[in-house]
Amino acid sequence: MSDTGEKKQLLHLVFGGELSNLADVQFRDLNALDIVGIFPDYASALTAWKSKAQLTVDNAHMRYFIVHMHRLLNPAE
């Protein structure tokens, strides 16, 4: 990060897949996970999440998640 006033990157991963059952976060097929992408902030990750979730609204077992990667990379923050 430079001193030019750039916004700090807070990386977020958006991914999803079909769950085995609705009570757990246990995916039916790990090879079929949909990795939507890595985003520089929560707002853009949320936009991508909403888009994918809306596309799969007819499948009750399909779930998308946002992972706060910046918390995993820098747990002290």
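Here, the structure is the one placed above.
Residues numbered from 1 in each chain as written. Predicted model: local features only at pLDDT ≥ 70, side-chain atom pairs only at ≥ 80, totals over all residues. Heavy atoms only, no water.

Chemist: Sorry, what's going on with the overall build of the protein chain here?
Modeler: Helix and strand counts for the protein chain stand at 2 helices and 3 strands. Counted from the first residue to the last, the protein chain has its helices and strands arranged as β-β-α-β-α. The globule rule puts the C-alpha radius of gyration for 77 residues at 11 Å, and the 15 Å found for the protein chain is more than 25% above it. Within the protein chain, contacts between residues at least 6 apart in sequence are counted, and of these 61% link residues at least 24 apart. Of the roughly 5600 Å² of accessible surface on the protein chain, a fraction of 55% belongs to carbon and sulfur atoms. In the protein chain, the 7 positive side-chain charges and the 9 negative ones have mean positions that sit 5 Å from each other. (Helix = DSSP H or I, 4+ residues; strand = E, 2+ residues; numbered from the N terminus. Rg over C-alpha atoms; globule rule 2.2 N^0.38 Å. Contact = heavy atoms within 4.5 Å. Areas by Shrake-Rupley, 256 points an atom, 1.4 Å probe, with all protein chains shown as cover. Lys, Arg positive; Asp, Glu negative; His and termini not counted. Charge placed at Lys NZ, Arg CZ, Asp CG, Glu CD.)

Chemist: How do you make sense of the pattern of salt bridges when you look at a structure like this?
Modeler: Oppositely charged side chains can form a pair if their charged atoms are brought close together. Considering all chains together, one arrives at 2 salt bridges under this definition. The partner of Arg-28 in a salt bridge is Glu-18, with the nearest N and O atoms 3.5 Å apart. Residue Arg-28 is found in the loop between β1 (12–18) and β2 (34–39), and its partner Glu-18 is found in strand β1; the two are separated by 10 residues along the sequence. Taking the relative accessible area as the measure of exposure, Glu-18 reaches 30% and is therefore partly exposed. The partner of Asp-34 in a salt bridge is Lys-52, and the shortest N-O contact between them spans 3.1 Å. Linking Asp-34 in strand β2 with Lys-52 in helix α1 (residues 42–55), this pair joins segments that are 18 residues apart in sequence. (Salt bridge = Lys/Arg side-chain N within 4 Å of Asp/Glu carboxyl O. Buried < 20%, exposed > 50% of the residue type's maximum accessible area, 1.4 Å probe, protein only.)

Chemist: What exactly am I supposed to notice about the sheet that holds β1 here?
Modeler: Hydrogen bonds between backbone atoms are what pair the strands of a sheet, whose relative direction is either parallel or antiparallel. If you walk across this open sheet you meet the 3 strands as β2-β1-β3, and the pairing is antiparallel. Edge positions in the open sheet fall to β2 and β3 (62–68), since each of these has one partner strand only. Going across the sheet, the axis of each strand differs from the next one's by a mean of 15°, ignoring polarity. Sheet topology note: the β1/β2 ladder contains 5 bridges and is antiparallel. Within β2, the residue paired with Leu-13 across the bridge is Ile-38. Most of the contacts of α1 go to β3, to which it runs at about 175°, and overall it touches β1, β2 and β3. (Pairing = 2+ DSSP bridges. Axes fitted to C-alpha atoms, helices over the stretch in contact; angles between N-to-C directions.)

Chemist: Mind showing me how you'd approach the pairing of β1 here?
Modeler: Look at any regular strand and the pattern is simple: side chains alternate between the two faces of the sheet. Counting buried positions over the 7 residues of β1 gives 6, a clear majority of the element. With 7 bridges connecting them, β1 and β3 associate as antiparallel partners. Residue His-12 lies in a different strand from β3, and its bridge partner there is His-68.

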